[in-house]
Amino acid sequence: MTKRFFDAKTIESTGAFLQGELERLDQKIYEPIAEFTYGRDIDLRQDVTIADETSSFMLSNYAGGVSGTGHGTKAWASQKDGTIPRVDIQMSKTLHPLTPWAMEVGFDVFELAKAQQVGRPIDSQKHDAMRMRHHRDIDEQVYIGDAETGATGLLNDASVAKSNVGAFNPATASADDFLELINTVLEASYKNTQFIMVPDRILLPPEFMAFMSKPMVIGSTPLSITVAEYVRQKSLTYTISGKELQMYPCRWLSKTMQGASFASGRIVAYTKRKDLVRFPLVELQSTPVQYDGLRQNTIYYGALGQVEVVRPETMFYGDCVAA
């Protein structure tokens with residue numbers, strides 16, 4: 001098939017369209033709808049560079065020697081003889097790969113001239129499209145990892161404890177049912193730390209949000225606070241630390257996501273602190289503009305790591321069974 005010199009696809013990609021005399025064209029360009037929440041839910045580790053192949057961290061555990069008196073659990077020292085207790089340190093290293101990420105942004109002089117003539121800059125549009133894809137890939141890597149590279153994410157790390165926490169149906173549940181569900185997850189994590197730390201953040205399937213926005217009802221009387229406000233103030237986190245529990249929807253926990261991994265509904269409890277969990281990210285860099293005949297190309301590149309769960313005992317996954 002003979003290709004026309006000015007084919008429709010080329011013209012359309014530059015934003016040039018045939019406009020009729022009675023047409024009122026809105027000059028605003030409406031970009032795809034997108035939202036990325038990884039910056040809200042995890043801290044970034046940015047000491048990694050494009051030259052690094054892996055990210056790693058050292059985990060140190062302390063252990064005390066047995067009692068010098070031969071019995072007991074404390075580091076007692078015998079006044080006459082016996083072994084003096086010693087402190088021991090056990091260190092381990094965890095490594096995760098840093099996978100290169102790259103995308104080319106290019107256009108020819110004809111596309112650029114056409115876009116400039118109609119006042120729609122194709123160069124910045126293509127750059128915005130590349131940035132959106134970059135954020136989208138980071139978002140997925142942070143939350144669920146990547147099947148091809150074997151990486152896991154914030155919602156499915158194998159080192160984090162999990163259990164079924166009972167059935168929950170937002171259509172029929174009460175506020176107390178929801179509070180009991182949340183506190184079950186928080187308490188499990190609290191126990192895993194030997195009652196040292198309770199999580200202050202919960203990620204939930206977005207299907208729970210409509211239920212959480214309902215007003216609290218006592219008897220048949222609606223109150224001025226919502227279910228979400230009630231749970232924040234009555235949670236185990238508030239009881240122990242005096243801080244309100246933070247609860248956020250995460251679309252990667254939705255049952256409607258393509259290839260959804262959490263069809264039964266998963267609740268993720270953790271504390272957002274860089275010394276507990278973080279994501280290694282090498283920020284985007286770019287090559288100098290390369291001229292290839294009539295075409296200009298620039299490659300943007302960086303690297304994505306794998307979520308580092310430094311202290312998995314401070315997190316917990318609660319899976320809801322079908323109601």
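Refer to the preceding data block for the structure.
Residues numbered from 1 in each chain as written. Predicted model: local features only at pLDDT ≥ 70, side-chain atom pairs only at ≥ 80, totals over all residues. Heavy atoms only, no water.

> So what's going on with the sheet that holds strand β9 (residues 246–249)? Residues and values would help.
Here 5 strands make up an open sheet; going across it, the order is β5-β15-β10-β6-β9 and the pairing mixed. In this open sheet, the two edge strands, each paired with only one partner strand, are β5 (162–167) and β9. Neighbour-to-neighbour, the strand axes of the sheet open up by a mean angle of 25 degrees, direction not taken into account. Sheet topology note: the strand β6 (residues 201–204)/β9 ladder contains 4 bridges and is parallel. Each residue of the ladder has a partner; that of R201, found in β9, is Q246. Sheet strands touched by helix α5 (residues 175–192): β5, β6, β9, β10 (266–270) and β15 (316–321). Its angle to β15, the strand with the most contacts, is close to 145 degrees. (Pairing = 2+ DSSP bridges. Helix = DSSP H or I, 4+ residues; strand = E, 2+ residues; numbered from the N terminus. Axes fitted to C-alpha atoms, helices over the stretch in contact; angles between N-to-C directions. Contact = heavy atoms within 4.5 Å.)

> I'd like a rundown of the nonpolar core, residues and numbers included.
By size, the foremost hydrophobic cluster in this structure holds 30 residues, and its most contacted members are Y143, L154, L155, L203, V268, F279 and M315. Those elements giving two or more residues to this core turn out to be β4 (99–108), α4 (122–144), β10, β11 (277–286) and β13 (295–304). With residues up to four places along the chain from it excluded, the contact list for M315 reads L154, V160, S189, V268, A269, Y270 and V309. L204, M216, L245 and C320 belong to the second largest nonpolar core, which has 29 residues in total. (Core = buried A, V, L, I, M, F, W, Y, C linked by side-chain atoms within 4.5 Å. Buried < 20%, exposed > 50% of the residue type's maximum accessible area, 1.4 Å probe, protein only.)

> Any chance you could break down empty space enclosed by the protein for me, citing the residues and the numbers?
Applying the stated criterion across every chain yields a total of 1 cavity of 30 Å³ or more. In this structure, the largest cavity spans a volume of roughly 30 Å³. For the largest cavity, the full set of lining residues is P97, T99, Q141, T149, A151, L304, G305 and Q306. In the lining of the largest cavity, the residues fall into 3 nonpolar, 5 polar and no charged. (1 Å grid on protein atoms, 1.4 Å probe; cavity = no way out; pocket = protein on both sides within 12 Å on 5 of 7 lines; lining within 4 Å. Points joined across faces, edges and corners; volume = space filled by probe spheres on them. Nonpolar A, V, L, I, M, F, W, Y, C, P; charged D, E, K, R; others polar.)

> So what's going on with a nonpolar patch on the surface? Residues and values would help.
Together, M58, Y62, I89 and M91 line one region of the surface with nonpolar side chains, adding up to about 510 Å² of accessible area. Sorting the residues of the nonpolar patch by element identifies β2 (54–64) and β3 (87–97) as the ones contributing at least two each. Structurally, the position occupied by Y62 is in strand β2. (Patch = residues over 30% accessible without salt bridge, like charges linked within 9 Å, V, L, I, M, F, W, Y side chains within 5 Å. Areas by Shrake-Rupley, 256 points an atom, 1.4 Å probe, with all protein chains shown as cover. Salt bridge = Lys/Arg side-chain N within 4 Å of Asp/Glu carboxyl O.)

> Can you explain α4? Please cite residues and give values.
Between the first and last C-alpha of α4 there are 33 Å, a value that for 23 residues agrees with the 33 Å anticipated at 1.5 Å per step. Residues I122, M130, H134, D137, I138, D139, Q141, V142, Y143 and I144 constitute the buried set of α4. (Expected span 1.5 Å × (residues − 1).)

> Could you give an account of the pairing of β11, with specific residues and numbers?
Burial analysis of β11 places 7 of its 10 residues in the buried class, which makes it a mostly covered element. Strand direction decides the pairing type here: strand β1 (residues 43–45) and β11, joined by 3 bridges, are parallel. By the bridge assignment, L44 is partnered in β11 with F279. Bridge analysis of β11 against strand β14 (residues 308–309) gives 2 bridges, and the strand direction is antiparallel. In the strand pairing of β14, R278 is matched with E308.

> I'd like to hear about unusual backbone geometry, residue by residue, with values.
Backbone geometry places Q194, a non-glycine residue, at a positive phi of 60 degrees. You can see Q194 is positioned in the loop between α5 and β6. One non-glycine residue, F195, adopts positive backbone phi at about 60 degrees. A relative accessible area of 48% means that F195 is categorised as partly exposed.

> Can you lay out the environment of E207 for me, pointing to particular residues and giving the numbers?
Structurally, E207 is set in the loop between β6 and α6 (209–212). Among the residues examined, E207 registers a relative accessible area of 33% and is labelled partly exposed. E207 sits 37 residues away from P170 along the chain, and the two C-alpha atoms are 8.1 Å apart. Beyond its immediate chain neighbours, meaning those up to four positions away, E207 contacts P170, S254, K255 and T256. Side-chain polar atoms of E207 contact the side chain of S254, separated by 2.6 Å. (Polar contact = N/O pair within 3.5 Å; in protein donor to acceptor, adjacent residues only side chain to side chain.)

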